[in-house]
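# Per-entry structural report
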Amino acid sequence: MAKELWKGNEAIAEAAIRAGCDCYFGYPITPQSEVPEYMSAHMPKHGRIFVQAESELAAINMVYGAAGCGMRAMTSSSSPGISLKQEGISYLIGSEIPAVIVNCMRGGPGLGTIQPGQSDYYQATRGGGNGDYRTVVLSPANIQEAVDYVQEAFDIADQYRNPVMVVMDGMIGQMMEPIEWREIPKRNLPSKDSWATTGRKGRAEHNTLNSLYIEPELCDVHNQNLSRKFAEMEKNEVRWEEIRCDDAEIVITAYGTPARIALTAIEVLRSEGIKVGLFRPITLWPFPEKALHELAGKDHVKAILDVEMSSTGQMIDDIRLGVEGQKPISFLGRAGGVIPTVEEMVEAVKNTLKEVQ
Amino acid sequence: MSAATVFSRRISIITGHYGTGKTEFSVNLALALAAEGEQVMLADLDIVNPYFRSRERRDLLERAGIRLISSSQSCANADVPALPAELLTILENQDLRGVLDIGGDPVGARVLARFRPRITQEDYQLIYVVNANRPEVRTPETAIAYLRSIEAVTGLTCTGLVNNTHLCGETTEEEIRKGAALAAAVSGETGIPVLCHVAVEPLAEHLSDLPEPVFPITIKMKKPWE
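Residues numbered from 1 in each chain as written. Chains lettered and ligands numbered in written order. Predicted model: local features only at pLDDT ≥ 70, side-chain atom pairs only at ≥ 80, totals over all residues.

### Section: the overall build of chain B
Check the secondary structure of chain B and you find nine helices and eight strands. In terms of C-alpha radius of gyration, chain B reaches 16 Å, essentially the compact-globule figure of 17 Å for 226 residues. For chain B, the C-alpha atoms occupy an extent of roughly 40 × 35 × 30 Å along the three principal directions. Sequence separation of 24 or more characterises 73% of the internal contacts of chain B that already satisfy a separation of 6 or more. (Helix = DSSP H or I, 4+ residues; strand = E, 2+ residues; numbered from the N terminus. Rg over C-alpha atoms; globule rule 2.2 N^0.38 Å. Contact = placed C-beta atoms within 7 Å.)

This is the structure we're talking about:
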């Protein structure tokens, strides 16, 4: 199929439509406003539902209602807006309602900046809402992946009756790239009849969706069931990519835009004879911990350099858990909407190498 | 080709669907005019896009002697739809060649409406950028519909088409020819002439058989890893 030129955010919206998204609820915020803008123009043409909610909170709770009725529902926002949705995400998980939530991240904290950021890693992988919960978090590094993952996200959500997040920095949402529309892997998805609140339909009792368990024992059982489900996701859904790691002395760990920059930095460094590779987590949760552990244990790997658009480093915690002290880890972080440059990354790799030589 | 000959009016106003490559074209046009000895002022009037705006290339443009003004000037990274008062300089100073880079779609083009009475007194050209790889404007019908809605919002009449069909780093000669066919169809339907075809420098020389001039560009609005 011929390639087309798409802007990240509008491609994400189109991908959701192609994945059979029945309902979209959102609220504009830079840098993801093209998602609701595209949805507002195109969802009605397909006979689907678009609502510009009065707030991000309202949007996520509309998702709860629609997805609870068995509809494929989605919301999207950027960092501060995703913060507002945290309560709803916790309730979706508690009630086992599938949904897709897209975060086109900008710099924080608070209102931060409209320029790209990656400082919502904790929020996405550790949960900003209350309770013991997990969500599969897919992180595209280009627009092709963004459209593929958004489509898959609906299936993953339905498979586990759990919301799925697609998380990317604002650069991925705002840039233009050629893509093609390709088939995504088919999954055997369970029927929603046993739980979706679609009326009695001849059943003795109507279905009920709820996250409130007054009896502690029952709530404990509910939590145990959920954690078994999270373990299944952890087993089945982990994804990552290793590029030129076979002989790498320095392994850069990065996702999203910094991973793209790393590829250019690797070209520059390799041309100077420095052996460097990229380990790119694609699912931020489940994190590819075992794969990283194995890679870090290899003799040729001298050190890890973690690069994030975050001042403190957030993914670096998972890098540490994966590496488990086998090799030293250094860090390059830019925040507040500043994107690390190829030159900065090249410099950081050289410094990391010096420290271990 | 001579940019000043192809874009012969004193003021060039660049419009189109977002993602067609207006900013890349505007920046290259301003640089080409400056290289030909013109006194150029580029106005980045994009109130639609938060990233990839010509103001991000301020240093490059100023080094080439181009004056750059932008919306929400003192806060270039904000998405505040404030227009610079200096825009009037372009309209009033008859020695200047003006390039106005307008944000995408009729929504972005609305910034022009308030200046319509002033613009129409000047020697201007409203240019519509065509890109056959953008799904929403890839057919003559949809491209013309966008063009007409931009005219309706701005109150200005389009008098030139620019074929800027590309696929970022994957652009081929064939892609540009596909765009040339679309531009020709739009032109045939509307009577608006095709002014030129835009091509990155290595491809430009292979397209000399096209009936209109080829405007060679080098990519200035690069992604951080390019």
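Continuing now.
### Details of the overall build of chain A
Assigned secondary structure in chain A consists of 13 helices and 14 strands. On C-alpha atoms alone, chain A measures out to a radius of gyration of 21 Å, which is about the 21 Å that the 2.2 N^0.38 rule sets for 357 residues. Once the C-alpha set of chain A is aligned to its principal axes, its extents read approximately 70 × 45 × 40 Å. Each of the 357 residues in chain A was classed as buried or not, and the buried ones make up 53%. A separation threshold of at least 6 residues defines the contact pool for chain A, and within that pool the share at least 24 residues apart is 79%. (Buried ≥ 20, exposed ≤ 12 C-beta atoms within 10 Å, placed from the backbone.)

### Quick look at the interface of chain B and chain A
Contacts between the two partners involve 17 residues from chain B, matched on the other side by 25 residues from chain A. Partitioned by chemical class, the residues of the side of chain B that touches chain A number nine nonpolar, four polar and four charged. (Nonpolar A, V, L, I, M, F, W, Y, C, P; charged D, E, K, R; others polar.)

### Focus on the pairing of strand E5 (residues 124-130) of chain B
Remember that side chains alternate between the two faces of the sheet whenever the strand is regular. All names here are of chain B. Where burial is concerned, most of E5 is hidden: six out of the seven residues are buried. As judged from the six bridges shared by strand E1 (residues 11-16) and E5, these two strands associate in the parallel manner. The partner of isoleucine 11 across the bridge, within E5, is tyrosine 124. Here five bridges tie E5 to strand E6 (residues 158-163), and the two strands are oriented parallel to one another. When the sheet's bridge partners are listed, leucine 126 is paired in E6 with cysteine 158. For the crossover from E5 across helix H7 (residues 140-154) to E6, the handedness is right-handed. (Pairing = 2+ DSSP bridges. Right-handed = clockwise from strand over helix to strand, strands pointing away.)

### Some thoughts on the sheet that holds strand E2 (residues 23-26) of chain A
All names here are of chain A. Spatially, E3-E2-E4-E5-E7-E6-E12 is the arrangement adopted by the seven strands of the open sheet, whose pairing is mixed. Pairing within the sheet leaves two strands with one partner each, and these edge strands are strand E3 (49-52) and strand E12 (283-285). Each neighbouring strand pair of the sheet contributes to a mean axis angle of 20°, computed without reference to strand direction. Bridge analysis of E2 against strand E4 (residues 73-77) gives two bridges, and the strand direction is parallel. When the bridges of E4 are listed, cysteine 23 appears paired with alanine 73. (Axes fitted to C-alpha atoms, helices over the stretch in contact; angles between N-to-C directions.)

### Some words on the nonpolar core
Among the nonpolar cores identified, the biggest contains 171 residues, and Val100(A), Val150(A) and Ala30(B) are the most heavily contacted of them. When residues in this core are grouped by element, the largest group, ten residues, is from helix H7 (residues 143-160) of chain A. Apart from the residues lying within four places of it in its own chain, the contact partners of Val150(A) are Ile12(A), Ala15(A), Ala16(A), Ala19(A), Val100(A), Val102(A) and Val166(A). (Core = buried A, V, L, I, M, F, W, Y, C linked by C-beta atoms within 7 Å.)

### Details of the environment of Val6(B)
Residues and elements named next belong to chain B. The residue valine 6 is located in helix H1 (residues 3-6) in this model. For the pair formed by valine 6 and histidine 166, sequence separation is 160 residues and the distance between their alpha carbons is 21 Å. Ignoring anything within four residues of it in the chain, the contact list for valine 6 reads Met1, Leu195, Cys196 and Pro213.

### Details of unusual backbone geometry
Between Thr30(A) and Pro31(A) the backbone carries a cis peptide bond, its omega angle lying at 5°. By secondary structure assignment, the location of Pro31(A) is in the loop between E2 and helix H2 (34-42). A cis amide bond links Trp285(A) with the next residue in sequence, Pro286(A), at an omega value of -5°. Looking at the element boundaries, Pro286(A) is found in the loop between E12 and helix H11 (289-296). Although it is not a glycine, Arg161(A) adopts a positive phi angle of roughly 50°. Of note, Arg161(A) is situated in the loop between H7 and strand E7 (164-169). For Arg161(A), a count of 18 C-beta atoms within 10 Å gives the class partly exposed. The phi torsion at Phe52(B) lies on the positive side, around 55°, for a residue other than glycine. Assignment of secondary structure puts Phe52(B) in the loop between strand E2 (40-45) and helix H3 (58-63). What makes Phe52(B) buried here is the crowd of 20 C-beta atoms within 10 Å.

### Comments concerning the domain arrangement of chain A
All names here are of chain A. Annotation of chain A at the domain level lists domain 1 (4-236) and domain 2 (241-356). Summarising the inter-unit geometry, the C-alpha centres of domain 1 and domain 2 are found 29 Å apart. Counting residues at the interface gives 27 residues for domain 1 and 21 residues for domain 2. Sorting the residues of the side of domain 1 that touches domain 2 by element identifies helix H6 (121-127), strand E6 (136-138), E7, helix H8 (170-174) and helix H9 (216-236) as the ones contributing at least two each. Of the residues assigned to the side of domain 1 that touches domain 2, the class counts are 13 nonpolar, ten polar and four charged. (Domains from an automatic or database assignment.)

### Observations concerning the sheet that holds E6(B)
Residue and element names in this part refer to chain B. Taking strand neighbours across the sheet as the criterion, the eight strands line up as E3-E2-E4-E1-E5-E6-E7-E8 in an open arrangement whose pairing is parallel. Two strands bound the open sheet, and with one partner strand each, they are strand E3 (67-70) and strand E8 (214-217). Pairs of neighbouring strands in the sheet enclose a mean axial angle of 25°, with direction left out of account. Seen against the sheet, helix H2 (residues 22-35) touches E1, E2, strand E4 (97-102), E5, E6, strand E7 (194-200) and E8 and runs at an angle of roughly 170° to E4.

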